Structures are given as C-alpha cells and as structure tokens.
Amino acid sequence: MTRRPAGFTLVEVLVALVLVAVGVAALLTALNTAATSTGYLRDKAFAHWVATNRIVETRLATNPPASGVSTGEVEFAGQRWQWRQTIASADFPSLRRIDVSVRPIRSSAVPRRGLAPNADDPGDWTVTVSGLLGAAVALANGAEPDWEPPPQEGAGRDQAAAPAGPDAATPTPGQAT
C-alpha cells in the first residue's frame, strides 16, 4: 500500500482561490459603497448649510429681496457651490416663500451620476431648502394679534383668577387663614 504525499490537490487550491476572490470582491464592493455614501452624505450636509446660509442672508438683507429667481456661486468647505433661489408669494399675504436649491460645482473630469457637470437638470440639485420671509403677523382687520389669554371675570391680567368650586375656601400650605 502506497501512501499519498501530504498536501493539497490542484482542485482544492483552485476552489480555495475562487472563495478568496469572491470574498475580496464582496469586501471591495462594500468598501466602495460605504465611501460613495459617505461622500454623498458629506455633500448633502454641506449643501444644506449653504442653502440655509442663503436663506439667512436673504432674511437679514437691509433691502427686501425682489420676487423671482436668482442664482449665484459661493465657496464653502473648500468647494465651490452653485445655488438657485426662488422667491414667490406664499398663501399668507405678508409672507413670501424662499426656495434655495444647491449643488456642488464639479469639474468636467468628474461628471455626477452620468450627467454632464452642472447640467440644467432640475433633478440634479443636491438639496432644496424652503423658508419664509415676511413682516409681523397682522390680522385681517389690521389689528395686531393678542397672544395673551383673556383675563377671567373678576381678575386682572396681573392677578391670578380666584379658584372656584368646593375647594376654594381650603387654604394652601403656608397661606394665612
């Protein structure tokens, strides 16, 4: 009886190599997905900050902005961003709605999602943030709203209303009788 030499056969080695290759491919795919998601979420967070900064700048402007669409560019977090701001009237007479859409300005070497860089595609914006701009709230008759509750009968605004009911005569702890 002859003994087989110890070791692996060629088939066993090939099967092991296929398993390692499949595992490495899955690992690289997972790492690529994680890196892509991280970059997208970073861009989305920065774009949100650019949009909210634009809304705040519009609100703090000394002159009220005109209704319509305006565009511009800004540098933020070491990157150039393009924004588009739309100001339109809202349902409430003294308010105007501000919609700001933001996207990064990409170089021609790095197209985004298969589109040409900064293509004029409304779906290509990274984020759109909405805000409101307006004067103080005024009622339909021109009066200012009164946010204070009406005083109860027999009590002024600076006095608490007297308790009513069967426990009204019961003194609270620390109260003189």
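Above this note sits the structure.
Residues numbered from 1 in each chain as written. Predicted model: local features only at pLDDT ≥ 70, side-chain atom pairs only at ≥ 80, totals over all residues. Heavy atoms only, no water.

Re the environment of Arg-106
The following threshold applies: Note on conventions: DSSP H or I runs of at least 4 residues are helices, E runs of at least 2 residues are strands, and numbering of each starts at the N terminus. Classification of residues uses two cut-offs on accessible area relative to the type maximum, computed with a 1.4 Å probe and protein chains only: under 20% is buried, over 50% is exposed, and between them is partly exposed.
Here Arg-106 lies in the loop between β3 (95–104) and β4 (127–134). With a relative accessible area of 24%, Arg-106 lands in the partly exposed category. For Arg-106 and Gln-82, which are 24 residues apart along the polypeptide, the C-alpha to C-alpha distance reads 9.8 Å.

Looking at the pairing of β4
Note the cut-off: Should DSSP find at least two bridges between two strands, the strands are taken to pair.
The side-chain alternation of β4 yields one buried face, formed by Val-127, Val-129, Gly-131 and Leu-133, and one unburied face, formed by Thr-128, Ser-130, Leu-132 and Gly-134. By the bridge criterion, eight bridges tie β3 to β4 in an arrangement that is antiparallel. For Arg-96, the partnering residue across the bridge sits in β4 and is Leu-133.

Concerning the packing of aromatic side chains
What counts, and what does not: The aromatic pairing rule takes the rings of Phe, Tyr and Trp, using the six-membered ring of Trp, and pairs them if the centres are within 6.5 Å, calling planes under 30 degrees apart stacked, those over 60 edge-to-face and the rest tilted.
Counting across every chain of the model gives three aromatic pairs. Measuring from ring centre to ring centre gives 5.6 Å for Phe-46 and Trp-49, while their planes differ by 45 degrees; the resulting arrangement is tilted. Linking Phe-46 with Trp-49, this pair stays in helix α1 (residues 10–60), spanning three residues, or about one helical turn. A centroid spacing of 5.9 Å and a plane angle of 80 degrees characterise the contact between Phe-46 and Phe-76, whose relative ring orientation is edge-to-face. On the criterion of sequence distance, the pair formed by Phe-46 in helix α1 and Phe-76 in strand β1 (residues 68–76) is long-range, its members being 30 residues apart. A relative accessible area of 23% places Phe-76 in the partly exposed class.

Any functional reading would require information beyond the geometric quantities listed.
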